[in-house]
Each structure stands twice: as C-alpha cells, then as structure tokens.
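Listed below are the residues making up each chain.
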Amino acid sequence: MDAALPVLCLLLGIALPLLVIGFVVRRGVRQLAVASAYREVSGRLGLTADTRGVSLQGFVGHRRVWIGDVMVRFGRERYSEVRGVVALTRPLGLGLWLRRRGLSSRALRRRRVGPEVSAVERTVDRLFQVNGDDSSRVRALLQPAVVEALVALVDERPRVVVTDVDVRVTLGAAPTDPDALYRLVERMVRLAQALEEARLVVPAPDPAVAWVLPWRAVGERTGLSFQESLPGFSGAVGARRVWATVAREPDGYRAVLSLWFGPHAPVGLVVRAAAGHDEAGHAVGQDIVVGDVPFDDAWIIKGWDPDEVRALMGPSARAALTSLGARGQVALDDRVLEVTNVDPGVIEDVLTDAHRLADAFGW
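**Student:** Help me out: how do you make sense of the pattern of salt bridges in this one?
**Tutor:** Pairing is possible between side chains of opposite charge, provided their charged atoms come close. Here the structure, examined in full by the defined rule, presents 20 salt bridges. Across the pair Arg248 and Asp133 runs a salt bridge whose closest N-O atoms are separated by 2.6 Å. Of this pair, Arg248 sits in strand β11 (residues 240-249) while Asp133 sits in the loop between β6 (128-131) and α4 (135-141), and the two are 115 residues apart along the sequence. The salt bridge involving Glu228 is made with Arg216; its shortest N-O contact spans 2.7 Å. Of the two residues, Glu228 sits in the loop between β9 (225-227) and β10 (232-237) while Arg216 sits in helix α7 (residues 212-222), which places them 12 residues apart along the sequence. One salt-bridge network, in which partners are shared between bridges, spans Arg327, Asp349, Asp353 and Arg356.

**Student:** It is not clear to me how the pairing of strand β15 (residues 329-333) should be interpreted in this structure. Could you clarify?
**Tutor:** On any regular strand, side chains alternate: one points to one face of the sheet, the next to the other face. Here β15 lies mainly inside the structure; four of its five residues are buried. Here strand β13 (residues 270-273) runs beside β15; their pairing, made up of three bridges, is antiparallel. Bridge pairing in β15 places Val271 opposite Leu332. The pairing of β15 with strand β16 (residues 336-342) spans four bridges and is classified as antiparallel. Each bridged residue has a counterpart across the sheet, and for Leu332 the counterpart in β16 is Leu337. Connecting β15 to the next strand, β16, in antiparallel fashion are two residues.

**Student:** Could you clarify how one ought to interpret the packing of aromatic side chains in this entry?
**Tutor:** Two aromatic rings, taken as a pair, are described by how far apart their centres are and by the angle between their planes. Using the criterion set out here, one finds seven aromatic pairs in the structure. Measuring from centroid to centroid gives 4.8 Å for Phe361 and Trp363, while their planes differ by 55°, and the two rings are tilted. As far as burial versus exposure is concerned, Phe361 and Trp363 are alike and both buried. Stacked on the ring of Tyr182, the Lys or Arg Arg44 has its end atom at 5.0 Å from the ring centre. Over the aromatic face of Phe128 sits the side chain of Arg100, whose NZ or CZ is 5.9 Å from the ring centroid.

**Student:** Which parts of the structure should I look at to understand the sheet that holds β11?
**Tutor:** Note on sheets: strands pair through backbone hydrogen bonds, and any given pair is parallel or antiparallel. Pairing in this open sheet of eight strands is antiparallel, and the strands run β9-β10-β11-β12-β16-β15-β13-β14 from one edge to the other. The sheet terminates laterally at β9 and β14 (299-302), the two strands that pair on one side only. With direction set aside, neighbouring strand axes in the sheet form an average angle of 15°. Contacting β10, β11, β12 (252-260), β15 and β16, helix α11 (residues 347-361) crosses the sheet at an angle of about 25° to β12.

**Student:** Got a minute to help me understand the nonpolar core in this structure?
**Tutor:** Soluble globular proteins: nonpolar side chains tend toward being buried together. Counting residues in hydrophobic clusters, the biggest one holds 47 residues, and the most contacted among them are Ile67, Val130, Leu191 and Leu195. Per-element accounting of this core gives the leading share, 10 residues, to helix α6 (residues 178-199). Membership of the second largest hydrophobic core comes to 45 residues, among which are Phe233, Val242, Phe295 and Val342.

Each value, and the rule that gives it
- Residues numbered from 1 in each chain as written.
- Predicted model: local features only at pLDDT ≥ 70, side-chain atom pairs only at ≥ 80, totals over all residues.
- Heavy atoms only, no water.
- Salt bridge = Lys/Arg side-chain N within 4 Å of Asp/Glu carboxyl O.
- Helix = DSSP H or I, 4+ residues; strand = E, 2+ residues; numbered from the N terminus.
- Buried < 20%, exposed > 50% of the residue type's maximum accessible area, 1.4 Å probe, protein only.
- Pairing = 2+ DSSP bridges.
- Phe/Tyr/Trp six-rings, centres within 6.5 Å; stacked < 30°, edge-to-face > 60°.
- Lys NZ or Arg CZ within 6 Å of the ring centre and 35° of its normal.
- Axes fitted to C-alpha atoms, helices over the stretch in contact; angles between N-to-C directions.
- Contact = heavy atoms within 4.5 Å.
- Core = buried A, V, L, I, M, F, W, Y, C linked by side-chain atoms within 4.5 Å.

Written out as structure tokens, the structure is:
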C-alpha cells in the first residue's frame, strides 16, 4: 500500500488537470455551437445575431423577435437562463395570461391577472392555466388553430407563457442545433399569428365598446380601415403602416398606436423617455445630446453617428416628440414608433403627431 500511494497521487495529479481542461474545452465547444446556431438562424430569418453569440433579434414580418441569455435575480441568487419573446403586432386587449401548469404562482400575483378561465378545451385545460378578464372572450380566442399552434410550440419543450402582447418561452439551455432553434422561432411566430387572426372575431371588451363610434369616425377621416371587434384601425399612409387598438393596462384599458416608418437608411436610432427607463442605455453607444436642455433632460437618445442623429432631431422633430411624450409612453427605433398608455380620446392627435415626427425625419 505504501508503494502504491505515490503512484495514486501521481495519477490523481494528472487526472485533475485533464478533467479541468476537458470541462473548459467542452464548454468552449458548446459556446461556439450556440453562437453558430444563432448566426445561422439569424441569417435564415434576416435577423441580427449578437456579436458575442448570446442572442438573436430583429423582426419577422412586423413581429419583434428576441432569443438569448438573460440574467435573473441579484447577488448570490443571480443566474443566467435562455428566454425568447415574439411580440404580437397588436395587443389582444383581453387581459390574457396563459402559462404551463406548475409555473410559480408568484408570477401571477405580480401581474395581477384576471380570474382563471376553465373548460376551455381538453388539451388546454390539462397543460395550461388560463386567466383573463372575460371567460367567454378568452374561450372564443382559443380556437382550434390557436390550440394547434400552442401544442406544436409545447412539443419543443420550452416553458411557455402567452400574454396579451407576446409569446414567451424559457429554455433549459442555450440551443446548439440551428434546425431546432429555427423550428422554435417558427412555431412561436405561428402561434402569434394564430392569436392575432382569432382575435379579429372576438367581440370588443366591454370597457372599450364606448370607443367604437368615435374610432370609426377617426378611421373614416384618416382613410384607415376600422375593426369594430378590437376596436382599432389600421392601414397604410403612403409608405407608412399604422395601427391603433386597445391595450389592457394594470389600471384598465388604454390605447396604443404604432407607426412603421417608410424606407430609409438606418441610423441605429433608439429613443426612450428618460423617466423610468434604462433599457435604451444598453442598446447602442453613448447618450446623444442635442443641445436643447429641456429636451435632452426628457429623452434618452442613441445612434451610430451623433451628428447624423442631431440633424434628425431638428426643431420639428423635437416638437412632435415632445407632444407625443405628453400623451403617452414613447419608444422608437429605426423601424417603428410605438406610443402606449394613451387616452383613447386623443388617439387622432397622437396619429397626427406620429406623422409629423416621421415627416420631420424624412422617413
């Protein structure tokens, strides 16, 4: 035994470094595979792959898509997980919250969602908990096409949550198979599309019925198509696509409007209100100061070329943006202007200001 001990120590001294090296190599190979999957799928879909290989993002049609690593919690409890989001092109306005059974109920308490909806459909009742403001409207939304798309997404084995505004998934690990990642995005988009189409035949929420006649008149004045079931209006004004509809906010129903800019050269523009928002600070570059102190204090502005962005933010653009900010919560980038939490009575004024801003940009 005494003679074998030095040999065992020698073997252990060799094995431990080899195990460490093997772990590092394996982890490095996996990270390369993840980055490769993100790049390949981004190329297939025309999205942008993060240069660090930890996410993909962009638009599929007019739906915003993001999949990547996020940090959860703080301090010693902090950890990384992979999440994905496909945003609906317009909110459903039904207070929908659908989640796989077994998900922590803390999420529901934070959301302050409506009552649980039962007897939806056998598969849905078995796999999901469904909450919403009005059970009859939620049941009408979950048509066979929606259920089929939902089950197809669940077959990819993510944790699934569907809300009024997006389809979300949480993955156990970052994807290394580009075909599986592509299939996941495709099925999330398919579910989003099925929800949007089903929503068109669901009656408007009771609190929003009062908007129907005034908004129909807005549609007639602006030449936009009116959908009574939402209620909302949509259409194109020149090269710009615009829509407005109801949105379920924590304190009730409000309006939301999106205007998609016409063709133009991208400048990496990101604009958010300074109050209560810090996500823009992680998007691109440093803050761009225009030189108008009240305006600079009110907005966080990013872009690739500060001089080019300052030229965009002339007096007319600043005036339109300030007016929009007084009427709702504004977020815009190179592609789209979004104004949320709007009083439905001023939606036509918001539409006018949105076009004023786009005109000032020349977009």
